[in-house]
Structure formats: structure tokens, C-alpha cells
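The chain contents come next:
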Amino acid sequence: MRIVLLGPPASGKGTQGRKLSASLGLGYLSTGALLRENIEEGTPLGLSAAPILARGGYLPDDLMCPILADWLIKNDSGKGWVLDGFPRSMPQADFLDRCLSENGASLDAAIALEAPFDELLRRICDRVECLTCRWSGQRSELSKGNICPKCVSPAAPRDDDREENFRNRHVEFINLTIPVIDFYRSSGRLISIPATGTKDKTAAAILSSLEFKI
Ligand code: AP5
Ligand code: MG
């Protein structure tokens, strides 16, 4: 099964992407996490990406599409995958359809997570990420001393979790990603999921929306 997860920043793409790939035994790619790893490692990709992520912009399509193509070649075992954060623009959506059709494959579902702006902003201000294992959650989930509940290492806010950066990311989402959501709706592949309930409730809603496809 091949699934893309769409939604504004902090709608829960990472949270739900990890749960969904584990539930269905699928591969998982977060393009944002991949870029942050490259920034930390100081790779050429990381050096190009750093100033763009720092201001909350999207990377150019001609940089992102080859990254996706490379990942698909290495990770498409046949069982399928969940993409979190790709496609984010119409050229990326067209590119993904072309990559799949060249291999006789197609996308099974595009899941759009929906939550109001104020809730997204609240989540961004509360998010922390483990500096070692990359667990991500809310401050209230940390052990005493800002320690990751999974691997007992320090956790901290993500570098781009500042209000101004979040607002810029949200504007990019409206301008460039809403057309992608409309495109999947018009081609009958969109599943819209309200993402304001608990994490588990949202995960259950996603799984049940996919039941007829599994
Ligand atoms: P990316 O890392 O994908 O960032 P984003 O889209 O801004 O989304 P976030 O990761 O901030 O949020 P999320 O939806 O994953 O929510 P999460 O599960 O963490 O991309 C970063 C940057 O990389 C982009 O801005 C761009 O520059 C670049 N980039 C990446 N891909 C690109 C592409 N294809 N093209 C161009 N540029 C690209 O949840 C958020 C918080 O809320 C967490 O604390 C979580 O615990 C909490 N939470 C989640 N669900 C719930 C719930 N139901 N109830 C309560 N709290 C919840
Ligand atoms: Mg994420």
C-alpha cells in the first residue's frame, strides 16, 4: 500500500506516519527529518537546506524530487510506504505520479490531516524532540529534567519551532500544498481526517478509512 500524508505543520504527519507505517508494516519517509539529519551532518544538501528551513520556506522542487526518487529506489520493497511531507507542491505531486506509473504502480491514498490554526500553534509551542533517538512529543510527556521517555537522553524544541517560522511554513502550506490536496480530491484519492482528537483516536480513524483498501 502506498500512502502520502498531507497537512499543515503540526497537524500530526510525523506522529501518525510513524504509527501507520508500524501498524501496516510499511516503509516510512519524513522528508523534513531527512533534511534535518543532513543539516546536522553538514552534508552539501544540509548546507543548502539550512537557511531555507531556518526561515520556514519550502525547498525547490528540483532539489526534492531527486531525493524522493533515490529513496523510492532504495526502499520500495513491494510492500509499500508512507510518505510524510512529500509531495508538497503540484510539480512534486506530478513527479510522484510519473515515478509510480513508470514502474506500473500507483498511489492508494492521500490522507489530509485537518486541524485549526490555533491548535497547530499550540502544538508547535509545546513540541519537544529527543536529541538522540528523535522521539517527538509534548513537554508533558518528558521525564523530569527534560529527558526523553524512550531513551533517557535530553530532549529540546526543534530549531524551526518558533512562532514566526511556523507562520511562514503555514503560508507555504496554503499557497503550495492546498493545491495538491485539491488535486488528490479531484482525482478521487483524497481521504480527509479530522486531527483534533487524541493521537490514538486519529490513528484509529486513519486505519478505518483505509480498511476497504487493505
Ligand atoms: P517537516 O519536518 O515535514 O515539518 P512540517 O510540515 O512543518 O510539519 P511538522 O513536522 O512541524 O509537524 P507534523 O505534521 O509532523 O506534526 P507532529 O506529528 O510533529 O518539514 C520541515 C521543513 O522541511 C519544511 O518546512 C520545508 O522547509 C522542508 N521540506 C520537507 N519536505 C519538503 C518538500 N517535499 N518540499 C520542500 N520542502 C520540504 O505533531 C506536532 C506536535 O503535536 C507534536 O508535539 C505531537 O506530539 C503533537 N500532536 C500530534 N498529534 C496530536 C494530537 N492528536 N493531539 C495532541 N497533540 C498532538
Ligand atoms: Mg513532522
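Just above sits the structure.
Residues numbered from 1 in each chain as written. Chains lettered and ligands numbered in written order. Predicted model: local features only at pLDDT ≥ 70, side-chain atom pairs only at ≥ 80, totals over all residues. Heavy atoms only, no water.

A. Seen up close, the overall build of the protein chain. The helix and strand tally for the protein chain stands at eight helices and eight strands. Its C-alpha atoms give the protein chain a radius of gyration of 17 Å, within 12% of the compact-globule value 17 Å for 214 residues. Counting only C-alpha atoms, the protein chain reaches 50 × 40 × 30 Å along its principal axes. When burial is assessed residue by residue, the protein chain has 49% of its 214 residues classed as buried. Sequence-distant contacts, at least 24 apart, represent 68% of the contacts inside the protein chain between residues at least 6 apart. Carbon and sulfur atoms provide 54% of the accessible area of the protein chain, an area that totals close to 10500 Å². (Helix = DSSP H or I, 4+ residues; strand = E, 2+ residues; numbered from the N terminus. Rg over C-alpha atoms; globule rule 2.2 N^0.38 Å. Buried < 20%, exposed > 50% of the residue type's maximum accessible area, 1.4 Å probe, protein only. Contact = heavy atoms within 4.5 Å. Areas by Shrake-Rupley, 256 points an atom, 1.4 Å probe, with all protein chains shown as cover.)

B. Representation of the nonpolar core. Counting residues in each nonpolar core, the largest one holds 34 residues, and the members touching the most others are Val4, Trp81, Leu83, Leu96 and Tyr184. Those elements giving two or more residues to this core turn out to be β1 (2-6), α3 (44-55), α4 (61-75), β3 (81-84), α5 (90-102), β4 (109-114) and α7 (163-186). No other element matches α4, which puts seven residues into this core. Setting aside its immediate chain neighbours within four residues, Tyr184 contacts Val4, Leu6, Pro87, Ala93, Leu96, Leu107, Ala110, Arg189 and Leu190. Grouped together as the second largest cluster of nonpolar side chains are 15 residues, Ile3, Ala109, Leu113 and Ile206 included. (Core = buried A, V, L, I, M, F, W, Y, C linked by side-chain atoms within 4.5 Å.)

C. Structural view of the packing of aromatic side chains. If you walk through the whole model with that rule in mind, you get two aromatic pairs. When the centroid spacing of 5.3 Å and the interplanar angle of 45° are considered together, the rings of Phe183 and Tyr184 count as tilted. Note on Tyr184: relative accessible area 0%, which makes it buried. (Phe/Tyr/Trp six-rings, centres within 6.5 Å; stacked < 30°, edge-to-face > 60°.)

D. Region of the structure containing the sheet that holds strand β5 (residues 127-130). If you trace the three strands from one edge of the open sheet to the other, you get β6-β5-β7, paired in antiparallel fashion. Both edges of this open sheet fall to β6 (136-138) and β7 (155-156), since each of them pairs with a single strand only. Docked against the sheet, helix α6 (residues 117-126) engages β5 and β6, running at close to 40° with respect to β5. (Pairing = 2+ DSSP bridges. Axes fitted to C-alpha atoms, helices over the stretch in contact; angles between N-to-C directions.)

E. Main features of the site of ligand 1. Residues in close proximity to ligand 1 total 31 residues, the closest being Thr15, Gly57, Arg88, Arg127 and Arg169. Contacts to ligand 1 include Gly14, whose backbone N or O atom sits 2.9 Å from an oxygen atom. Here Arg36 contributes a side-chain N or O atom positioned 2.8 Å from an oxygen atom of ligand 1. Elements supplying a minimum of two residues to the shell around ligand 1: α1 (13-24), α2 (31-41) and β6. Considering each element in turn, the shell around ligand 1 owes the most residues, four residues, to α2. (Near = heavy atom within 4 Å. Polar contact = N/O pair within 3.5 Å; in protein donor to acceptor, adjacent residues only side chain to side chain.)

F. Inspection of the sheet that holds strand β2 (residues 27-30) at higher detail. Strand order in the open sheet made by the five strands is β2-β3-β1-β4-β8, with parallel pairing throughout. At either margin of the open sheet sits one strand with a lone partner, and together these are β2 and β8 (190-194). Pairwise comparison of adjacent strand axes, ignoring direction, gives a mean angle of 20° for this sheet. Two elements, β1 and β3, share four bridges in a ladder whose sense is parallel. Paired with Val4 across the strands is Leu83, a residue of β3.

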